[in-house]
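Residues per chain, in single letters:
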Amino acid sequence: IYPKAMMDVLGNIFGFDEVFLNVPEFDDKFTVYSVDEAYARQVCAPPLIEYLLRHPEFSIEVEDGWVALGVAELLAPEQIPKRLRQIEKIRAMLAL
């Protein structure tokens, strides 16, 4: 799940299909890529969509057993605890 602005920089991700969630505000701001559309829809439950709309700078990658949170700026060491708490919030929202 990537902000649209980030995808302008990264371009298309090969081997993944774009998934549209039919949530206009979300689809306008984020791009979702997955090899499994059903899994992507399961991951993108309403609480996660609402959270990401409040944090449009985030990108999230989800695989079996891990979650990654990305932001465009460099992470300073003192920001690590805050980012870890954000990852825990996101993980709790995942409908898996």
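Please refer to the structure placed before this passage.
Residues numbered from 1 in each chain as written. Predicted model: local features only at pLDDT ≥ 70, side-chain atom pairs only at ≥ 80, totals over all residues. Heavy atoms only, no water.

Asks: Is there a simple way to think about helix α5 (residues 80–93) in this case?
Replies: Side chains that are three or four residues apart share a direction in an α-helix, a result of its 3.6 residues per turn. For α5, with 14 residues, the first-to-last C-alpha span of 20 Å sits near the 20 Å given by 1.5 Å per residue. Listed in full, the buried residues belonging to α5 are R83, Q86, I90 and M93. Across the axial projection of α5, the buried residues extend over an arc of 75 degrees, all falling on one side. Of the residues in α5, the exposed ones pointing more than 90 degrees away from the buried face are L84, R85, E88 and A92. Residues of α5 that are buried sit in contact with α4 (46–54), β4 (59–63) and β5 (66–70). (Helix = DSSP H or I, 4+ residues; strand = E, 2+ residues; numbered from the N terminus. Expected span 1.5 Å × (residues − 1). Buried < 20%, exposed > 50% of the residue type's maximum accessible area, 1.4 Å probe, protein only. Arc of directions from axis to C-beta. Contact = heavy atoms within 4.5 Å.)

Asks: What is the right way to read the packing of α4 against α5 from this model?
Replies: How two helices sit against one another is set out by the angle between their axes and by the gap between those axes. Direction vectors running N to C along α4 and α5 enclose 150 degrees, while the axes themselves pass 8 Å from each other. With respect to each other, α4 and α5 are oriented roughly antiparallel. Packed against α4, whose contacting residues are P47, L48 and Y51, the element α5 presents Q86, K89, I90 and M93 at the interface. Split into classes, the residues belonging to the contact of α4 with α5 amount to five nonpolar, one polar and one charged. (Axes fitted to C-alpha atoms, helices over the stretch in contact; angles between N-to-C directions. Parallel < 35°, antiparallel > 145°, perpendicular 65-115°, else oblique. Nonpolar A, V, L, I, M, F, W, Y, C, P; charged D, E, K, R; others polar.)

Asks: Mind showing me how you'd approach a positive patch on the surface here?
Replies: On the surface, a cluster of positive charge is made up of R54, K82, R85 and K89. A total of three residues in the positive patch trace back to one element, the largest contributor, which is α5. We classify K82 as partly exposed; its relative accessible area is 46%. (Patch = residues over 30% accessible without salt bridge, like charges linked within 9 Å, V, L, I, M, F, W, Y side chains within 5 Å. Areas by Shrake-Rupley, 256 points an atom, 1.4 Å probe, with all protein chains shown as cover. Salt bridge = Lys/Arg side-chain N within 4 Å of Asp/Glu carboxyl O. Lys, Arg positive; Asp, Glu negative; His and termini not counted. Charge placed at Lys NZ, Arg CZ, Asp CG, Glu CD.)

Asks: Is there a simple way to think about the nonpolar core in this case?
Replies: Side chains of nonpolar character tend, in soluble globular proteins, to be buried together. The biggest cluster of nonpolar side chains holds 21 residues, and the ones touching the most others in it are I1, F26, V32, L48, L52 and I60. Top contributing element to this core by residue count: α4, with four residues. Among residues more than four places away in sequence, those in contact with L52 are I1, F26, F30, F58 and I60. (Core = buried A, V, L, I, M, F, W, Y, C linked by side-chain atoms within 4.5 Å.)

Asks: It is not clear to me how the sheet that holds strand β3 (residues 30–34) should be interpreted in this structure. Could you clarify?
Replies: Sheet strands pair via backbone hydrogen bonds, and the direction of the pair is either parallel or antiparallel. A sheet is described by the order of its strands in space; here three strands give the open sequence β1-β3-β2, paired in antiparallel fashion. Lying at the two open borders of the sheet, with one neighbouring strand each, are β1 (2–3) and β2 (17–19). Examined bridge by bridge, β2 and β3 share three bridges and lie antiparallel to one another. What sits directly across from E18, in β3, is Y33. (Pairing = 2+ DSSP bridges.)

Asks: Just checking my understanding: could you explain the environment of V23 for this structure?
Replies: Position of V23 among the secondary structure elements: in the loop between β2 and α2 (24–29). For V23, a relative accessible area of 28% gives the class partly exposed. Note: C-alpha distance between V23 and I49 (26 residues apart in sequence) is 8.8 Å.

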